[in-house]
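# Examining the three-dimensional arrangement
The chain contents come next:
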Amino acid sequence: MEGSFGVGKYFLETQRDGGFYSQQASAAEVNTFLGLVLDKPDLQTMKAGNVHHLNGTFKIITTTNLLLAQIKSAFAGLIHDSRFEMADPGQEFQLTDVITREGLPSRRLIFGGLSERECFMHDERGGYSHSYYVDVFSTAPSNTRFLWGEALCNPAKDLPELRSEVSATIGPSDGLTF
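One structure accompanies this document, and this report is about it. (Residues numbered from 1 in each chain as written. Predicted model: local features only at pLDDT ≥ 70, side-chain atom pairs only at ≥ 80, totals over all residues. Heavy atoms only, no water.)

### Regarding the environment of G113
With respect to the helices, strands and loops of the structure, G113 is situated in strand β5 (residues 107–114). Judged by relative accessible area, which is 0%, G113 ranks as buried. Between the alpha carbons of G113 and F58 there is a distance of 5.2 Å; along the sequence they are 55 residues apart. Leave out the neighbours within four places in its chain, and G113 touches F58, K59, I60, I61, E118, C119 and F120. (Helix = DSSP H or I, 4+ residues; strand = E, 2+ residues; numbered from the N terminus. Buried < 20%, exposed > 50% of the residue type's maximum accessible area, 1.4 Å probe, protein only. Contact = heavy atoms within 4.5 Å.)

### A short note on the pattern of salt bridges
A side chain of one charge can pair with a side chain of the opposite charge if their charged atoms are brought near each other. All chains considered together, the criterion is met by four salt bridges. Across the pair E124 and R108 runs a salt bridge, and its minimum N-O distance is 2.9 Å. Placement of E124 in strand β6 (residues 118–125) and of R108 in strand β5 is noted, with a sequence separation of 16 residues between them. Here E124 matches R108 in class, with each residue buried. (Salt bridge = Lys/Arg side-chain N within 4 Å of Asp/Glu carboxyl O.)

### Focus on the environment of A25
Inspection of the secondary structure puts A25 in the loop between β3 (19–24) and α1 (27–37). Judged by its relative accessible area of 8%, A25 is buried. When the C-alpha positions of A25 and L12 are compared, they lie 6.3 Å apart, and in sequence the two are 13 residues distant.

### Looking at the packing of aromatic side chains
The final tally for this structure, using the stated rule, is five aromatic pairs. Judged by centre distance (5.9 Å) and plane angle (70 degrees), the rings of F75 and F84 are edge-to-face. Grouping residues by exposure puts F75 and F84 together as buried. Relative to F146, the ring of F137 lies with its centre 5.7 Å away and its plane at 65 degrees, an arrangement referred to as edge-to-face. Here F137 matches F146 in class, with each residue buried. Among the aromatic side chains, those forming a connected cluster through ring pairs are F75, F84, F137 and F146. (Phe/Tyr/Trp six-rings, centres within 6.5 Å; stacked < 30°, edge-to-face > 60°.)

In structure tokens:
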């Protein structure tokens, strides 16, 4: 049996036997888990681990049509949706909680990147709290899976700015104290 486990600011998640499972977690629960898994974890180690996934050379993607089918499927599973729906940059999407037009996706791609081993998507989500995200997936055809993701304070205009935003997002204000 092969699987993975992830932890975020307010959640714990696992993928195993083809399923994805996630649950909310308090800062104390996240800290307890990290204390068990990591040997004296610190914020610098966490920053390095997350930014690591965005290092290297990526072909920048500006349309969802260029995303691999297995990445679209993994993303839909990650957000517990039955299918992948995301607007391309500049296209309309559901910006607020008020439904203005039926059929608009709730997310819009800002840009993505594809390398030999990984793919990332930087997107925005409409709703009560308009928010920005980066999600990284492995691209191995037989083992495509979510590797890491983060909610961001601001959108990035390019990959260097995204790397900088990811580095700035994780910090003492996240409540991850050890």
